[in-house]
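Commentary on secondary and tertiary structure
Here's the letter readout for the chains.
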Amino acid sequence: MFASSEGEGGLIADDLADALEIVTGLAWQDCLGFSGEGDVEVMQASAQHLERSLARGNPEIAKERAHVAAALSLRVVPVTGLVIRLREAASRTEPAYVLTTEDRQTYGPLFGEHSEPRHGGRR
């Protein structure tokens, strides 16, 4: 489960290993934010855009991710596979799970309405 300070919350993976693979291998928060409300094709396009932007800013990112994955005994999964896993998990949040605050406020969905990251995603 993930809950943001902006009031979004939900599942991001099925287990800790899956969550770590997603978190270390994908600009996952931006991918959710620029998901066209959960459209997998929009998410894939956003993820590719975000990955290109990330690689421009840090040409060693693939090596760094591989190093982290090896240190944590994780698989290095292609971005397309990570996007599919992330979308599937986030899509299962409701109705199976409802994330609430201590005062019973319900968190909003993780999927954002935007369909195109600008300027490389979040800053």
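Residues numbered from 1 in each chain as written. Predicted model: local features only at pLDDT ≥ 70, side-chain atom pairs only at ≥ 80, totals over all residues. Heavy atoms only, no water.

On to the pattern of salt bridges, then. Opposite charge on two side chains lets them pair, provided their charged atoms get close. A complete count under the given rule lists 7 salt bridges for this structure. Between Glu-21 and Arg-85 there is a salt bridge, with its nearest N and O atoms 2.7 Å apart. A residue pair is termed long-range when its members are at least 10 positions apart, and Glu-21 in helix α1 (residues 16-25) and Arg-85 in helix α5 (residues 79-91) qualify at 64 residues. Of the two residues, Glu-21 and Arg-85, both sit in the buried class. (Salt bridge = Lys/Arg side-chain N within 4 Å of Asp/Glu carboxyl O. Helix = DSSP H or I, 4+ residues; strand = E, 2+ residues; numbered from the N terminus. Buried < 20%, exposed > 50% of the residue type's maximum accessible area, 1.4 Å probe, protein only.)

For the rest of this paragraph, the subject is the layout of surface pockets. Put simply, the largest pocket is a space of about 180 Å³. The wall of the largest pocket is formed by 14 residues, among which Thr-24, Gly-25, Arg-65, Val-76 and Val-77 lie closest to the centre. The set of elements that each furnish at least two residues to the lining of the largest pocket consists of α1, α4 (61-71) and α5. Among the elements that make up the lining of the largest pocket, the one with the highest residue count is α4 (5 residues). Looking at the lining of the largest pocket, its residues break down into 8 nonpolar, 2 polar and 4 charged. (1 Å grid on protein atoms, 1.4 Å probe; cavity = no way out; pocket = protein on both sides within 12 Å on 5 of 7 lines; lining within 4 Å. Points joined across faces, edges and corners; volume = space filled by probe spheres on them. Nonpolar A, V, L, I, M, F, W, Y, C, P; charged D, E, K, R; others polar.)

Before going further, it helps to spend a moment on helix α3 (residues 40-57). One full turn of an α-helix is made of 3.6 residues, so residues set three or four places apart face in the same direction. Relative to the 26 Å expected for 18 residues at 1.5 Å per residue, α3 spans 25 Å between its end C-alpha atoms, a close match to the ideal helical length. Where α3 begins, the capping side chain belongs to Asp-39, and its oxygen is found 2.8 Å from the backbone nitrogen of Glu-41. (Expected span 1.5 Å × (residues − 1). Polar contact = N/O pair within 3.5 Å; in protein donor to acceptor, adjacent residues only side chain to side chain.)

Right, let's talk about the packing of aromatic side chains for a bit. With the rule as written, the count across this model stands at 1 aromatic pair. Between the aromatic rings of Phe-2 and Trp-28, the centroid separation amounts to 4.9 Å while the plane-to-plane angle is 90 degrees, which identifies the pairing as edge-to-face. Of the two residues, Phe-2 is situated in strand β1 (residues 2-3) and Trp-28 in helix α2 (residues 28-33); the sequence distance between them amounts to 26 residues. The exposure class of Trp-28 is buried, given its relative accessible area of 10%. (Phe/Tyr/Trp six-rings, centres within 6.5 Å; stacked < 30°, edge-to-face > 60°.)

Nothing here speaks to function; it is all geometry.
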